[in-house]
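# Overview (structure and organization)
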Amino acid sequence: MTTKQNKRLLWQVPFLVLLIVGTVLIIRQQRSIPYQKASGTIFGTTYHITYQYDDDLKSEIEGRLQEVDNALSMFNKKSIITQINNNQPVQLNDMFIEVFKLSQQVSKDTDGAFDITVAPLVNAWGFGIKNEELPDQHAIDSLLTIIGYQKVSLVGRQVKKTDARVMLDCSAIAKGYGTDAAARLLKEKGITNYMVEIGGEVVTHGINEQRIPWKIGVTKPTDDALATSHELQTVLNLTDKAMATSGNYRNFYYKGGRRYAHTINPKTGYPVQHNILSATVIADHCARADAYATAFMVMGFDGAKEVLKRNPDLMAYLIYDDDGINRVWYSPGLQDKIAE
């Protein structure tokens, strides 16, 4: 080794030492930062958020979630969507516009299986408002004339309807978007390790308190109207991803000896009746996962697989009924994410 090479090596050693020491200090500091937990109710369901940070951010988190509620909740009398449904003049905010545009994209991609104009049908079947009488074919045919994502459009910062009776319902995407909104707030704070869960919709980033990837369970689809069952079908190692699940095993009712589930087919006007019991979708953003999970419940097994083929950023875990036996199909990309 030449003298010149020796001198160069001697200059490099201090930098390497500083780099190693700095890395060790950063890791030690990061491990000393506590994990905070926040929980409560929003959007008619519960939320649970875990994040690594020095301060308690619950009030800021709930403030951000309330902003989503103020934009998208049909049960909030002052929300933007309520004013649209009541045909009142209202200026749209960025949150509503973002959700509206995404909804229209997913509707087009799924040939209307996902459709935020389904509100009148949801109400008619008693899932938005309680009805004593089930709608007959005449009532369904009448409502179908005002159902369809093509009947609404965005003009500037306003929603334009082709018929004043058209109503919007973002409940099949709002929880996912709210989960994204909370995760976005944490990211703005520079937080890199967190898990946000709202009503079963999840966004994760980084690692958990045990310094390993977040593990998220997929619930086994058994009739559970009271949401008391927590039996899991599987557990996924999920980090830096979003996950949403749609299923008819919790929101349903029996009438006249027949079971009616809350997922409505926007084309037929009737609650869906096919073999998918639950659809779990993994994507980069929870709103997108939420919307596609609902669409898959409407489209059925074969339709869902076709959509997945043209959307390589999506992965799905589908539980379906095969002559009374629950079976599972999942995207090949999920193989290495299924916990042992």
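See the structure above.
Residues numbered from 1 in each chain as written. Predicted model: local features only at pLDDT ≥ 70, side-chain atom pairs only at ≥ 80, totals over all residues. Heavy atoms only, no water.

Before going further, it helps to spend a moment on the packing of helix α2 (residues 58-72) against helix α4 (residues 94-109). Packing of α2 against α4 brings their axes to within 9 Å, and their N-to-C directions diverge by 65°. The two elements α2 and α4 meet at a crossing, and its hand is right-handed. Contact residues: Arg64, Glu67, Val68, Ala71 and Leu72 in α2; Met95, Phe96 and Val99 in α4. The class makeup of the residues in the contact of α2 with α4 is 6 nonpolar, no polar and 2 charged. (Axes fitted to C-alpha atoms, helices over the stretch in contact; angles between N-to-C directions. Helix = DSSP H or I, 4+ residues; strand = E, 2+ residues; numbered from the N terminus. Left-handed = near helix turned anticlockwise from the far one by under 90°. Contact = heavy atoms within 4.5 Å. Nonpolar A, V, L, I, M, F, W, Y, C, P; charged D, E, K, R; others polar.)

In this model, helix α8 (residues 286-309) (24 residues) spans only 19 Å end to end at C-alpha, well below the 34 Å of a helix rising 1.5 Å per residue. If you look at α8, its biggest bend is around 130°, right at Gly300. The element α8 is extensively covered by neighbouring structure, given that 19 of its 24 residues are classed as buried. (Expected span 1.5 Å × (residues − 1). Bend = angle between axes of the 7 residues up to and from the residue. Buried < 20%, exposed > 50% of the residue type's maximum accessible area, 1.4 Å probe, protein only.)

Its place among the elements puts Pro266 in the loop between β11 (258-261) and β12 (276-283). On the basis of relative accessibility, which here comes to 7%, the residue Pro266 falls in the buried class. For the pair Pro266 and Gly112, spaced 154 residues apart in the sequence, the C-alpha separation amounts to 7.1 Å. Setting aside residues up to four positions removed in sequence, Pro266 forms contacts with Gly112, Ala113, Asp115, Val118, Leu121, Leu144, Ile147 and Val298.

Let's shift gears to the pairing of strand β9 (residues 242-247). Regular strands place side chains that alternate from one sheet face to the opposite one. Burial within β9 is extensive, with 5 of its 6 residues counted as buried. Bridge count for β9 against β12 is 6 bridges, and the pairing is antiparallel. Counterpart to Met243 in the pairing with β12 is Ile282. (Pairing = 2+ DSSP bridges.)

Take the environment of Gly217 next. Position of Gly217 relative to the elements: it lies in strand β7 (residues 215-219). In this structure Gly217 comes out as partly exposed when scored by relative accessible area, which is 29%. Taking the C-alpha atoms as reference points, Gly217 and Ile338, separated by 121 residues in sequence, lie 9.9 Å from one another. Those residues in contact with Gly217, other than ones at most four positions away along the chain, are Leu232, Thr234, Val235 and Met243.

The next thing to look at is the packing of α2 against helix α7 (residues 171-188). Between two packed helices, what matters for the description is the angle formed by their axes and the separation of those axes. Across the interface, α2 lies against α7 with an axial gap of 9 Å and an inter-helix angle of 145°. In the packing of α2 onto α7, the handedness of the crossing is right-handed. Note on element contacts: α7 touches α2 through Ala174, Tyr177, Gly178, Ala181, Ala182, Arg184, Leu185, Leu186 and Glu188, opposite Glu60, Ile61, Arg64, Leu65, Val68 and Leu72. Class assignment of the residues belonging to the contact of α2 with α7 gives a composition of 10 nonpolar, 1 polar and 4 charged.

Our next topic: the nonpolar core. Tyr51, Ile61, Leu72, Phe96, Leu186 and Phe296 are the most contacted members of the largest nonpolar core, which totals 80 residues. If one sorts the elements of this core by residue count, α8 sits on top with 14 residues. Those residues in contact with Tyr51 that sit more than four places away from it in its chain are Pro34, Tyr35, Gln36, Ala38, Asp56, Leu57, Lys58, Ile61, Leu186, Ile191, Asn193 and Tyr194. Formed by 15 residues, the second largest nonpolar core is a distinct cluster that contains Ile216, Leu236, Leu238 and Ile282. (Core = buried A, V, L, I, M, F, W, Y, C linked by side-chain atoms within 4.5 Å.)

It is worth spelling out the side chain of Ser79 at this point. Summarising the element assignment, Ser79 is placed in the loop between α2 and α3 (80-85). We classify Ser79 as buried; its relative accessible area is 0%. Only 2.6 Å separates the side chain of Ser79 from the backbone oxygen of Ser73, close enough to count as a polar contact. Setting aside its immediate chain neighbours within four residues, Ser79 contacts Asp69, Asn70, Ala71 and Ser73. (Polar contact = N/O pair within 3.5 Å; in protein donor to acceptor, adjacent residues only side chain to side chain.)

Next up on the list: the sheet that holds strand β1 (residues 35-42). Read across the sheet, 8 strands follow the order β1-β2-β5-β6-β9-β12-β13-β14 without closing on themselves; strand pairing throughout is antiparallel. Of all strands in the sheet, those bounded by a partner on one side alone are β1 and β14 (325-330). Across this sheet, the average inter-strand angle for adjacent strands is 10°, counted without regard to direction. Packed on one face of the sheet, α7 meets β2 (45-52), β5 (194-198) and β6 (201-205) and runs near 155° to β5. The sheet contacts of α8 involve β6, β9, β12, β13 (315-322) and β14, and relative to β12 the element is tilted by about 130°.

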